[in-house]
Amino acid sequence: VPMASPVRRWRRVPAAAGDSADTASATAPVVVWLRNELRLCDNPLLQRGLQLAKGNLQLVVCLDPREFQATTAFGSPKVGELRKRFVEECLCDLRRRVAERGSRLLVQQKAPEEVLPALVSEGSTVLVTAQVCSEERAVERRVRKALEAKGAALEVVPAAGITDLVGPEELQRAGVPSGEEFPVIFQRFFLPLRPFLLEICQKGLSDAPVNLPSASGAELEDEELRLTDAVPGTDIRGGETAGLERMTVWLNSGFRSYKDTFRSLQGDYSSRLGAHLAYGCISPRRLVKEALSHGSGQSSVHVEHFVYEMCWRDFFRHTAARWGTGLFHVAGPAECGAHGMSSESSWKRDLGAERRWKEGSTGVPLVDAAMRELNETGYIGNLARQFVAAFLIEDLQIDWRVGADWFEATLVDYDVHSNWGQWARSAGVVPTNEAKRNRVGGTRYYDLAMQRPEVSDYVRNWLPELQDVADEELFSPWTNSWPIGKVLSATSNGSSYSKPLISMRLKQYFESVSGASRLCGLPSPRRAKKGKGQRKGGGAPRATAALRWATSDSRFHGS
Ligand SMILES: Cc1cc2nc3c(=O)[nH]c(=O)nc-3n(C[C@H](O)[C@H](O)[C@H](O)COP(=O)(O)OP(=O)(O)OC[C@H]3O[C@@H](n4cnc5c(N)ncnc54)[C@H](O)[C@@H]3O)c2cc1C
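Once a new chain begins, its residue numbering starts again from 1 and follows that chain's sequence as written. Whole-chain, interface and lining totals are the exception, using all residues; otherwise, since this is a predicted model, local features are given only for residues with pLDDT of at least 70 and side-chain atom pairs are given and counted only at 80 or more. Hydrogens are left out, water is left out, and the side-chain values use all remaining heavy atoms of the structure.

Draft legend 1. The arrangement of the pairing of strand E3 (residues 57-62) in detail. Only protein chains enter the accessibility calculation, which uses a 1.4 Å probe; a residue whose area is less than 20% of its type maximum is buried, one above 50% is exposed, and one in between is partly exposed. Helix and strand definitions here come from DSSP, where helices need a minimum of 4 consecutive H or I residues and strands a minimum of 2 consecutive E residues; each element is numbered from the N-terminal end. Counting buried positions along E3 gives six out of six residues, so the element sits mostly inside the fold. Residues Leu57, Leu59 and Val61 of E3 are buried on one face, and the alternating residues Gln58, Val60 and Cys62, pointing to the opposite face, are buried as well. Once the chain exits strand E2 (residues 30-34) it traverses helix H1 (residues 44-52) before rejoining the sheet at E3, and the crossover so formed is right-handed. Pairing of E3 with strand E4 (residues 105-108) involves four bridges; the strand directions are parallel. Its bridge partner being in E4, Val60 is matched across the sheet by Leu106. By definition, the crossover connecting two strands over a helix is right-handed if that path, from the first strand to the second, turns clockwise as seen with the strands pointing away from the viewer. Any two strands are treated as partners once DSSP identifies two or more bridges connecting them.

Okay, here's the thing in structure tokens:
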């Protein structure tokens, strides 16, 4: 199982000729410290570097072991194998694009506060994009201190136009308060902003620079990026080149029916650009601008819905800034406790149930199919994210952060703001609107899935053991099965499948939908053919190393 066997893919190589100190430029280098803006086009951070640098610009990425080799507070790898591979692809692409323009991208597997001071001299400036979450800001503080000791400065460039669609300036223009006053209800952000979006998104877009000033003076060895063992499963390729290609293909294909398809389970139903947005291979403003001006400027429900979803991404970034570390606490931000939303005592820990949820062996086919897809490909669509979250939270009543943590480990498009923000919403520990509140505890997301024509194919595709199970048993295989042990039960075709880990309420729900399917022909299950792409089993990725964040910075500190 590829995910269970981490491979060492980063190999040190000797420094290239010309990298040594004796070729250092007399001018203090300007360093662009890239984190989540791994692109050359539409990159105001890079533009700022070009503006400041007098012939000596160094581009650097630090693969911080506290992130790339660490386990989380819940014991998952902080970055799973599939996301590591995505990042490698991003860096290979960026390195090639930078080299074509006469410079180089330095990649180091060390903490930035070790790397950056070694690149600067007195009077140097290091540029970085502003971030709002605790771990990122803690690293920034350490870097600033280390740089100051060398007479260099850290300049934090606003995120609007780099990683975010909008910042305080654009919010003010739309009459939306920012910072601590940022609205907690999405519509109060989106509706006033929408009329200004096209104009905002046209700002600051630029082609990739034709040339980049050479980087001299760096005394650090470069590290070769090498993709060794391919990790199968995902069709998401990292890098600016792949991101821009995917954007073009998407805008000319699936995008045209997005509102009808975005909550599907199979097929080309959504952009799959989340990972490129998360690592900044493409600019969110570019994507929204291209979406809005696509099809000769003809806006449609599909364009509108896509832009609406893109704004959710920004909404979570601004609310993360508002909630601070409260977003990572089990009861949510303190101000929500005052609303009586949730308390620590209402959540359980059950390692056995957590393991079965993670590996996709809960015995509930819809949930298991989605979890196996997630483990094998690093991706599931929005609908599947919603119902597996609802299952962990509502049915198992497990601490919602176990789920957020597992998504952090497994999603290729993991984004701290959207992930933790969405999980907190699903758990009801941040204020939500009435509609979302009513959904919590309901079967809305299972209903949406069961109405999808592809739902049976989806389950059979990811659960080969149910391949030949009769249609009327597919969503509730326990109904006609024979118990053969504590964990396994035999299905009517003789293969084994987990006994259900499920509340009576949900058990009855799946029995009734299976019954409805028997009686009314809904949801019209069809049998999928075993094809080449057929997945086998799931399997949880293993932690790659035991490094942890210093507890003082931990997102779970004090929770
Ligand atoms: C429990 C849970 C966890 C999630 N974790 C993440 C995460 O870690 N990273 C992430 O990018 N999204 C997350 N989402 C939101 C959403 O499900 C994904 O953005 C989307 O499914 C990614 O697929 P796509 O790129 O094809 O999106 P598309 O549907 O094509 O949308 C385009 C882009 O808009 C943004 N977007 C779309 N829907 C949402 C949304 N509901 N919230 C925030 N942004 C959105 C994403 O950047 C996405 O790539 C989560 C949702 C849930 C319910």
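Draft legend 2. Inspection of the sheet that holds E2 at higher detail. Read across the open sheet, the five strands follow the order E4-E3-E2-E5-E6; overall the sheet is parallel. The open sheet has two edge strands, E4 and strand E6 (153-157), and neither has a second partner. The sheet shows a mean angle of 25 degrees between the axes of neighbouring strands, direction not considered. Inspection of the sheet shows E2 paired to E3 by five bridges, in the parallel sense. For helices, the axis comes from a line fit to the C-alpha atoms of the stretch in contact; other axes are also lines fit to C-alpha atoms, and the angle between any two N-to-C directions lies between 0 and 180 degrees.

Draft legend 3. Layout of the environment of Asp235. If you trace the backbone, Asp235 turns up in the loop between strand E7 (223-225) and helix H9 (240-251). On the basis of relative accessibility, which here comes to 56%, the residue Asp235 falls in the exposed class. Along the chain, Asp235 and Gly378 lie 143 residues apart, while their C-alpha atoms are 9.5 Å from each other.

Draft legend 4. Examining the site of the ligand more closely. The environment of the ligand is formed by 27 residues, the closest being Tyr258, Ser270, Ser271, Arg272 and Gln422. Nitrogen and oxygen atoms within 3.5 Å of one another constitute a polar contact, given that in protein one can donate a hydrogen and the other can accept it, and given that sequence-neighbouring residues count only through two side-chain atoms. Contacts to the ligand include Gly274, whose backbone N or O atom sits 3.0 Å from an oxygen atom. The contact in question runs from a nitrogen atom of the ligand to an N or O atom on the side chain of Asn419, over 3.2 Å. A 1.4 Å probe that fits but cannot get out identifies a cavity on a 1 Å grid over protein atoms alone, an open set with protein on both sides within 12 Å along at least five of seven lines counts as a pocket, and a residue lines either if it has an atom within 4 Å of a point. Grid points define the cavity or pocket, and a molecule sits in it when more than half of its atoms lie within 2 Å of them. The pocket occupied by the ligand, as judged from atoms lying within 2 Å of grid points, is the largest pocket. Secondary structure elements with two or more residues in the shell around the ligand: helix H11 (274-278), helix H13 (301-323), helix H17 (382-395) and helix H19 (416-427). When residues in the shell around the ligand are grouped by element, the largest group, six residues, is from H13. How far each domain reaches was decided by an automatic or database domain assignment. Each of two domains, domain 2 (159-207 + 240-328) and domain 3 (347-520), supplies a minimum of three residues to the shell around the ligand. The nearness test applies per residue and asks whether one of its heavy atoms lies within 4 Å of the molecule or strand.

Draft legend 5. Broad picture of the layout of surface pockets. One number sums up the size of the largest pocket: a volume of about 1,100 Å³. For the largest pocket, the lining is made up of 45 residues, of which Glu309, Trp312, Asn382, Arg385 and Gln422 are closest to its centre. Looking at the lining of the largest pocket, the elements that each hand over two or more residues are helix H7 (186-193), H11, H13, H17, H19, helix H20 (434-439) and helix H21 (444-450). The dominant element in the lining of the largest pocket, judged by the number of residues it contributes, is H13, at eight residues. Any residue outside Ala, Val, Leu, Ile, Met, Phe, Trp, Tyr, Cys, Pro, Asp, Glu, Lys and Arg is labelled polar, Gly included; the first ten of those are nonpolar and the last four are charged. Residues that form the lining of the largest pocket fall into these classes: 21 nonpolar, 13 polar and eleven charged. Looking at which domains feed residues into the lining of the largest pocket, each of domain 2 (159-207 + 240-328) and domain 3 (347-520) gives three or more. Grid points are joined across faces, edges and corners, and a volume is the space filled by probe spheres set on the points. The volume enclosed by the second largest pocket comes to roughly 910 Å³.

Draft legend 6. Structural detail: the environment of Ala427. Inspection of the secondary structure puts Ala427 in helix H19. Sequence separation between Ala427 and Ile393 is 34 residues, and the spatial gap between their C-alpha atoms is 6.3 Å. Should any heavy atoms of two residues lie within 4.5 Å, those residues are considered in contact. Discounting chain neighbours no more than four positions away, the residues touching Ala427 are Trp347, Ile393 and Trp400.

Draft legend 7. Broad picture of the pattern of salt bridges. Any Lys or Arg side-chain nitrogen located within 4 Å of an Asp or Glu carboxyl oxygen qualifies as a salt bridge. Going through the model one piece at a time under the given rule, you end up with 31 salt bridges. In this structure, Arg66 engages Glu113 in a salt bridge whose closest nitrogen and oxygen atoms are separated by 2.9 Å. With Arg66 in helix H2 (residues 65-68) and Glu113 in helix H4 (residues 112-119), the pair connects residues that are 47 residues apart, well separated along the chain. Where Asp399 meets Arg401, a salt bridge forms, and the shortest distance between an N and an O atom there is 2.9 Å. The buried category is assigned to Arg401, whose relative accessible area is 7%. Among the charged side chains, a network of salt bridges with common partners joins Asp42, Arg286, Lys289 and Glu290.

Draft legend 8. View of H17. What a helix is expected to span follows from its residue count: subtract one and scale by 1.5 Å. Taking 1.5 Å of rise per residue, the 14 residues of H17 would be expected to cover 20 Å, and the 19 Å separating its terminal C-alpha atoms lies within 8% of that figure. With twelve of its 14 residues buried, H17 lies for the most part within the structure. Following H17 by one or two positions, Gln397 adopts a phi angle in the positive range, close to 55 degrees.

Draft legend 9. A look at the packing of aromatic side chains. Ring pairs shown here join Phe, Tyr and Trp side chains whose ring centres sit within 6.5 Å, with only the six-membered ring taken for Trp; geometry is labelled stacked below 30 degrees between planes, edge-to-face above 60, and tilted in between. Here the structure, examined in full by the defined rule, presents 28 aromatic pairs. Between Trp400 and Trp420 the ring centres are 5.9 Å apart and the planes differ by 70 degrees, which places this aromatic pair in the edge-to-face class. Pair noted here: Trp400 is in helix H18 (residues 400-410) and Trp420 is in helix H19, with a separation of 20 residues, a long-range link. Comparing Trp400 with Trp420, the two get one shared label, buried. Between the NZ or CZ atom of Arg35 and the centre of the ring of Trp33, over which it lies, the distance is 4.6 Å. We call a charge positioned above a ring when the Lys NZ or Arg CZ atom is no farther than 6 Å from the ring centre and deviates by at most 35 degrees from the ring normal. Its end group placed over the ring of Tyr379, Arg385 keeps NZ or CZ at 5.3 Å from the ring centre.

Draft legend 10. Looking closely at empty space enclosed by the protein. Evaluated as defined, the whole model comprises two cavities of 30 Å³ or more. A volume near 80 Å³ is recorded for the second largest cavity. Those elements giving two or more residues to the lining of the second largest cavity turn out to be H13 and H19. Top contributing element to the lining of the second largest cavity by residue count: H13, with four residues.

Draft legend 11. View of the pairing of strand E5 (residues 125-129). Burial analysis of E5 places five of its five residues in the buried class, the great majority of the element. By the alternation rule, side chains of E5 split into Thr125, Leu127 and Thr129 and Val126 and Val128, which are all buried. When E2 meets E5, the two strands line up parallel, connected through three bridges. Residue pairing for E5: Val30 is matched across the bridge by Thr125. Pairing between E5 and E6: five bridges, direction parallel. Residue pairing for E6: Leu127 is matched across the bridge by Glu155.

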